[in-house]
Amino acid sequence: MPRKPRVHFPGAIFHIICRGNNKQDVFLDDRERRSFLEKLGLLKTSHPFKLYAYCLMSNHFHLLIEVDQCPASSIMQCLLTGYTQYFNIRNERVGHLFQGRFKAELCQRDSYFIGLIRYIHRNPVRACMVDHPGAWPWSGHHDYLRRRPTLTDTAYPLTFFGAEGGQARRTYEEFVAEEGAEIPMPQSTQGVSVDRPVSRADEDQGLVRKSLEAAAETGFSLESLRGRSRLRPILRARERFVLRLLERGCTAAQLGRLLARSSSTMSRLAEAAARSGKSGGSDPRVLV
């Protein structure tokens with residue numbers, strides 16, 4: 001039976017997992033890991049795509065990429081072929097290095113996006129190879145802590161953690177340090193032990209979850225609601241979005257971090273959303 005063609009459209013985000021053939025190691029030392037990352041960096045120029053997260057383990061690797069015009073299959077073919085040739089020559093071997101077709105799961109931009117980044121960067125911790133993500137040098141985690149990333153495209157993901165760069169990086173670090181679920185999904189703050197205070201990471205985890213739920217209820221993506229569009233349908237959806245988050249206990253300061261607006265703007269929008277919720281109308285002068 002012929003293989004089904006892979007999904008492709010510009011802007012698609014894929015969580016890619018590729019394992020060694022017969023579970024064999026595909027990285028035998030740090031030099032091979034560096035070579036793999038060099039090839040990955042060159043591909044970002046020759047086959048433009050965005051790399052939001054990665055992690056190189058011993059017998060497999062994870063990538064989280066957003067494609068443009070070039071399909072993920074073409075990107076991976078070049079990457080795997082080039083690296084396999086290098087690996088085989090260096091280790092005086094022949095044959096397949098990787099197991100069958102790589103696995104590529106289409107990721108919704110909002111629903112699993114942040115959870116996937118944490119899931120990928122915590123792989124070495126779950127495998128008991130290190131105690132915390134920062135102790136593993138072969139992942140994109142470190143780029144999120146730098147002002148100038150070297151390989152990973154961190155700008156868009158960091159907007160989920162705040163408008164200001166330094167604070168966003170700190171909030172991201174706290175978020176990834178928290179142990180998440182085994183499946184790559186943002187977690188709720190429900191069930192937090194009462195024996196310790198709720199941390200900023202806990203609060204932002206809850207905010208991410210609440211915002212994804214509220215966005216889904218409006219019928220618009222979180223990215224659209226966080227944007228600057230003043231089209232009437234999006235303005236009204238943004239108002240409903242804010243009202244739902246207020247009903248879920250979010251503060252104007254949290255909404256400001258989420259939507260990258262000032263606290264005063266969010267206070268006005270919150271008041272307008274509350275009035276709209278009672279009257280069924282909206283005031284376009286305060287919608288942002």
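Structural notes on the nonpolar core
Item 1. Among the nonpolar cores identified, the biggest contains 73 residues, and F61, L63, L64, I65, F113 and F241 are the most heavily contacted of them.
Item 2. Per element, the largest residue contribution to this core is eight residues, and it comes from helix α2 (residues 72–90).
Item 3. Apart from residues lying up to four places away in sequence, L64 is in contact with I13, F14, H15, K50, L51, Y52, A53, F113, L116, I117 and I120.

Description of the sheet that holds strand β1 (residues 13–19)
Item 1. Taken in spatial order, the four strands line up as β2-β3-β1-β4 in an open sheet, and their pairing is antiparallel. The sheet is open, and its two borders are formed by β2 (49–56) and β4 (103–107), each paired with just one other strand. Within the sheet, the average angular offset between the axes of one strand and its neighbour, ignoring direction, is 20 degrees.
Item 2. Where β2 lies against strand β3 (residues 60–67), seven bridges are found, and the strand directions are antiparallel. Within β3, the position partnered with L56 by the bridge is F61.
Item 3. The strands that helix α1 (residues 30–46) touches are β2 and β3; relative to β2, the one it contacts most, it runs at about 170 degrees.
Item 4. Across the sheet, helix α3 (residues 113–121) lies against β1, β2, β3 and β4, angled at about 35 degrees from β2, the strand it touches most.

Details of the pattern of salt bridges
Item 1. Tallied over the entire structure, the rule returns eight salt bridges.
Item 2. Ionic pairing is found between E217 and R244, a salt bridge with its closest N-O pair at 3.0 Å. Here E217 is found in helix α8 (residues 200–218), whereas its partner R244 is found in helix α10 (residues 232–247), with 27 residues between them in sequence.
Item 3. The partly exposed category is assigned to E217, whose relative accessible area is 42%.
Item 4. By sharing partners, the salt bridges in this structure join D29, E32 and R90 into a single network.

Observations regarding the packing of aromatic side chains
Item 1. Considering all chains together, one arrives at 14 aromatic pairs under this definition.
Item 2. On the basis of an interplanar angle of 40 degrees and a centroid distance of 5.9 Å, the ring pair of Y83 and Y86 is categorised as tilted. Remark: Y86 and Y83 occur in helix α2; sequence separation between them is three residues, near one turn of the helix.
Item 3. An aromatic cluster is defined as three or more aromatic residues linked by ring pairs; in this entry it consists of F27, F36, F61, Y83, Y86, F87 and F98.
Item 4. The ring centre of F175 lies 4.3 Å from the NZ or CZ of R118, which sits over that ring.
Item 5. Residue placement shows R126 over the ring face of Y119; its charged tip is 4.1 Å from the ring centre.

Observations regarding the confidence of the model for the protein
Item 1. This prediction gives the protein a mean pLDDT of 81; 80% of its residues lie at or above 70.
Item 2. Contacts for the low-pLDDT stretch residues 181–202, under 50 throughout, to residues beyond four places or in other chains number 44 contacts.
Item 3. Taken as a whole, residues 281–288 scores under 50 in pLDDT and shows 24 contacts with residues more than four places along the chain or in a different chain.

Considering the layout of surface pockets
Item 1. Empty space within the largest pocket amounts to approximately 320 Å³.
Item 2. For the largest pocket, the lining is made up of 14 residues, of which L80, T81, H96, F98 and G100 are closest to its centre.
Item 3. Of the residues that constitute the lining of the largest pocket, the class distribution is five nonpolar, seven polar and two charged.

Notes on the side chain of H60
Item 1. Within the secondary structure layout, H60 lies in strand β3.
Item 2. Among the residues examined, H60 registers a relative accessible area of 9% and is labelled buried.
Item 3. Polar contacts involving the side chain of H60 include one to the side chain of N59, which spans 2.9 Å.
Item 4. Beyond its immediate chain neighbours, meaning those up to four positions away, H60 contacts I17, C18, R19, V26, F27, C55 and N123.

Conventions and cut-offs
Residues numbered from 1 in each chain as written. Predicted model: local features only at pLDDT ≥ 70, side-chain atom pairs only at ≥ 80, totals over all residues. Heavy atoms only, no water. Core = buried A, V, L, I, M, F, W, Y, C linked by side-chain atoms within 4.5 Å. Buried < 20%, exposed > 50% of the residue type's maximum accessible area, 1.4 Å probe, protein only. Helix = DSSP H or I, 4+ residues; strand = E, 2+ residues; numbered from the N terminus. Contact = heavy atoms within 4.5 Å. Pairing = 2+ DSSP bridges. Axes fitted to C-alpha atoms, helices over the stretch in contact; angles between N-to-C directions. Salt bridge = Lys/Arg side-chain N within 4 Å of Asp/Glu carboxyl O. Phe/Tyr/Trp six-rings, centres within 6.5 Å; stacked < 30°, edge-to-face > 60°. Lys NZ or Arg CZ within 6 Å of the ring centre and 35° of its normal. pLDDT = per-residue confidence, 0-100. 1 Å grid on protein atoms, 1.4 Å probe; cavity = no way out; pocket = protein on both sides within 12 Å on 5 of 7 lines; lining within 4 Å. Points joined across faces, edges and corners; volume = space filled by probe spheres on them. Nonpolar A, V, L, I, M, F, W, Y, C, P; charged D, E, K, R; others polar. Polar contact = N/O pair within 3.5 Å; in protein donor to acceptor, adjacent residues only side chain to side chain.

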